[in-house]
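Report on the structure
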Amino acid sequence: MPDIRPFRALRYEPEIVGDLAAVVSPPYELVDAPVAAELQARHPKNAVRLDVPGDEQGDGPDDQYRRTARTFAAWRSDGTLRKDPRPSLYVYEQAAGGAARLGFFGRLRLEPLGPAAGVISDDRGPTPPRDDRYKLLRATGVNTSPIVGTYADPSGEAARILAAATRTHPIIDLVDDAGIRHRMWSLAADGPDAEPVARLVAIVGGGPLNLVDGRRRYDAGLRYRDERRMSRSCEEDPAFDYILALFFEAPAPADAPAGEPAGSSLPRPPTGLLINPLEW
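Residues numbered from 1 in each chain as written. Predicted model: local features only at pLDDT ≥ 70, side-chain atom pairs only at ≥ 80, totals over all residues. Heavy atoms only, no water.

**Section: the nonpolar core**
Nonpolar side chains tend to gather and get buried jointly when the protein is soluble and globular. Our working rule: To qualify as a nonpolar core, a set must consist of buried Ala, Val, Leu, Ile, Met, Phe, Trp, Tyr and Cys residues joined through side-chain atoms within 4.5 Å. The buried label goes to any residue with under 20% of its type's maximum accessible area, the exposed label to any with over 50%, and the partly exposed label to all in between, with areas taken from a 1.4 Å probe on protein chains only. Segments assigned H or I by DSSP are reported as helices when at least four residues long, segments assigned E as strands when at least two residues long, and all are numbered from the N terminus. Any two residues whose heavy atoms approach within 4.5 Å are treated as being in contact.
Of all hydrophobic cores here, the largest spans 29 residues; its most connected members are Tyr12, Leu20, Leu81, Tyr90, Phe105, Leu174 and Leu274. Elements supplying a minimum of two residues to this core: strand E2 (10–12), helix H4 (63–77), strand E4 (88–96), strand E9 (172–175) and strand E12 (242–249). Here this core gets three residues from one element, more than from any other, and that element is E12. If sequence neighbours within four positions are ignored, Leu20 has contacts with Tyr12, Pro14, Ile172 and Leu174. The next biggest cluster of nonpolar side chains, apart from the first, holds 26 residues, and it includes Phe104, Val119, Ala165 and Ile243.

**Re helix H6 (residues 157–165)**
We count it as follows: Regarding the arc, it is the one traced by the directions from the helix axis to the C-beta atoms.
Three or more residues of H6 are buried, namely Ala158, Ile161, Leu162 and Ala165. Within H6, the buried residues cover an arc of 95 degrees as seen down the axis, which keeps them to one side.

**A word on the packing of aromatic side chains**
Which entries qualify depends on this criterion: Stacked, tilted and edge-to-face pairs are distinguished by plane angle, under 30 degrees for stacked and over 60 for edge-to-face with tilted covering the rest, among Phe, Tyr and Trp rings (Trp via its six-membered ring) whose centres lie within 6.5 Å. Distance and angle both matter: a charge sits over a ring if NZ of Lys or CZ of Arg is within 6 Å of the ring centre and within 35 degrees of the ring normal.
Enumeration over the complete set of coordinates arrives at five aromatic pairs. Linked through ring pairs, Tyr92, Phe105 and Phe248 together constitute an aromatic cluster. Positioned above the aromatic ring of Tyr28 is the side chain of Arg133, whose terminal nitrogen or guanidinium carbon lies 3.7 Å from the ring centre. Its guanidinium or amino end placed over the ring of Phe240, Arg228 lies 6.0 Å from that ring's centre, counting from NZ or CZ.

**So, unusual backbone geometry**
Its identity as a non-glycine residue notwithstanding, Asp62 has a phi of 65 degrees, on the positive side. A positive phi angle, close to 50 degrees, is found at Asp237, a residue other than glycine. Within the secondary structure, Asp237 is located in the loop between helix H8 (215–231) and E12. The exposure class of Asp237 is partly exposed, given its relative accessible area of 36%.

Interpretation in functional terms is not warranted from these geometric data alone.
So, in structure tokens, the structure goes:
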């Protein structure tokens, strides 16, 4: 069964970067060179600099990934990115055109995909270069964007827990270039929210998770995990055994696009809402 954990996310410090809408970027598959240049001109610390390593004149092999690692380290050192003080799950809402979708971010333990696994894959999205996400992960030691998985909850309890979390003040509230509103709330695992966190973990971990977006990122995570295990085999429950995941309840089959599995067309949030540290 899926193993889901709260974690201490790295997030932008608003007092340093200002408007969070200026530092998020679209998912990396949607970013070409002109879009990347526009985003960097919008704000020098836009998340595109971490998620889409760009080539520069005179670069040798993989120099763009080493440059990204230096940028990430600098932003950690100067306070641009700060780690939350307590392990949490992060409730997330997308809203546009009068419709809204609720889910949550957490860590998902990596395991090889297969018929007997807790994670199955229906990802039919575009295929990026095979090594790009692995090289970025290896250089930075963080997940900059999540995989997306769907779960079934006939009881409706998970939906009630998520809805209750939205009655408090969000820690993130922004509107992106497409007019989609993104809000996020944190549920700390060691405070008053410990019980709803435990229930969410139990509900979503009680059945198979359908991977609908992020197969390449998932495969890169497995490859990175196996590499790290060779050098740090004595570490107990290391962070690199997990991957950043966004969990949504699967829509009813009747609501899925014709010919596609339920949940396959879920949009991914902008990069920069939060980062999952694996080595920091």
